[in-house]
Amino acid sequence: LGDTIAIDGTVTRLNGKTINGLATILLKQNGVNYFVDTTPIINSQLDYSYITVSNPAGKYNIDIQANDVYGNQFLFENILSLEITDKIGVTAEVDRSNVNPYEKIKVFGKAETLLKRTIELGNIKLELDKEVFKTRLGKNQAYEYEIELKGDIKAGEHTINVNIEDSLGNHGENQTTFT
């Protein structure tokens, strides 16, 4: 989510002559029109872009219906396909694997979209034994948070769940453990 779809092309009459008109762009998911927009065709050139902000993740097909100024039209069905993903890969580590009550443990990691794009604003939620801690993704797509353990923490293995969500709705999760 958040990337730009760019569609460029040339639309001519069957005899190769240039046209002017309007193209209707139909973004379909599972055969159902999800999004419809129009763009001009000028001297046979089609140039369109769309930012995928509110689209559900999944596979899409694109139809383009070209209409010239004389009322002629042609539907290019399933001319393009794409997949929109909303996943963020996130790593999760701790600075020590063995910690005592009242001590501090540092949780850190990095996050990136599957397409290696920059995450402008990422909110990190850490969960340890039903307690929630929040921080933000910082420079270089990294995060770090220090948790002071409670005095009554039980002995044994503990899991810290790490969840991230960016301002565009992309999300990811991971976990790390300590004893």
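The numbering scheme is per chain: residues are counted from 1 as the chain's sequence reads. Residue-level local features of this predicted model are given only where pLDDT is at least 70; pairs of side-chain atoms are given and counted only at 80 or more, and the full residue set underlies all totals for whole chains, interfaces and linings. Remark: hydrogens and water are excluded; side-chain values derive from all non-hydrogen atoms of the structure.

1. Side note on the overall build of the protein
Okay, so step 1: Note on conventions: DSSP H or I runs of at least 4 residues are helices, E runs of at least 2 residues are strands, and numbering of each starts at the N terminus. A tally of regular secondary structure across the protein gives 0 helices and 14 strands.
Okay, so step 2: Overall, the protein shows an N-to-C arrangement of helices and strands of β-β-β-β-β-β-β-β-β-β-β-β-β-β.
Okay, so step 3: Only the C-alpha atoms count toward the radius of gyration. The rule for a globule is 2.2 Å times the residue count to the power 0.38. Relative to the 2.2 N^0.38 estimate, which gives 16 Å for 179 residues, the radius of gyration of the protein is 24 Å and therefore markedly larger than a compact globule would have.
Okay, so step 4: Principal-axis analysis of the C-alpha atoms gives the protein an extent of 80 × 30 × 20 Å.
Okay, so step 5: Of all 179 residues assigned to the protein, the portion counted as buried reaches 36%.
Okay, so step 6: Partitioning the contacts of the protein with sequence separation of at least 6, the portion at a separation of at least 24 is 57%.
Okay, so step 7: Areas reported here follow the Shrake-Rupley algorithm with a probe of radius 1.4 Å; residue values treat only the protein chains shown as occluding. Of the roughly 11100 Å² that the protein leaves accessible, carbon and sulfur atoms contribute 47%.
Okay, so step 8: The averaged location of the 25 negative side-chain charges in the protein is 1 Å from the averaged location of its 18 positive side-chain charges. Partly exposed residues are those whose accessible area sits between 20% and 50% of the maximum for their type, while under 20% is buried and over 50% is exposed, using a 1.4 Å probe and protein chains only. By the convention used here, residues are in contact when the closest approach between their heavy atoms is within 4.5 Å. Positive charges come from Lys and Arg alone, negative charges from Asp and Glu alone, with His and the N- and C-terminal ends not counted. Just so you know, the charge point we use is NZ for Lys, CZ for Arg, CG for Asp and CD for Glu.

2. Here we look at a nonpolar patch on the surface
Okay, so step 1: Like charges are joined within 9 Å and nonpolar side chains (Val, Leu, Ile, Met, Phe, Trp, Tyr) within 5 Å, but only among residues with over 30% relative accessible area and no salt bridge; these make up the patches. Take a side-chain nitrogen of Lys or Arg and a carboxyl oxygen of Asp or Glu: if they are within 4 Å of each other, that pair is a salt bridge. Taken together, I51, V53 and L168 make up a surface patch of nonpolar side chains, about 230 Å² in accessible area.
Okay, so step 2: Turning to its location among the elements, I51 is positioned in strand β4 (residues 45–51).
Okay, so step 3: For I51, a relative accessible area of 48% corresponds to the partly exposed category.

Read these as spatial facts, not as claims about activity.
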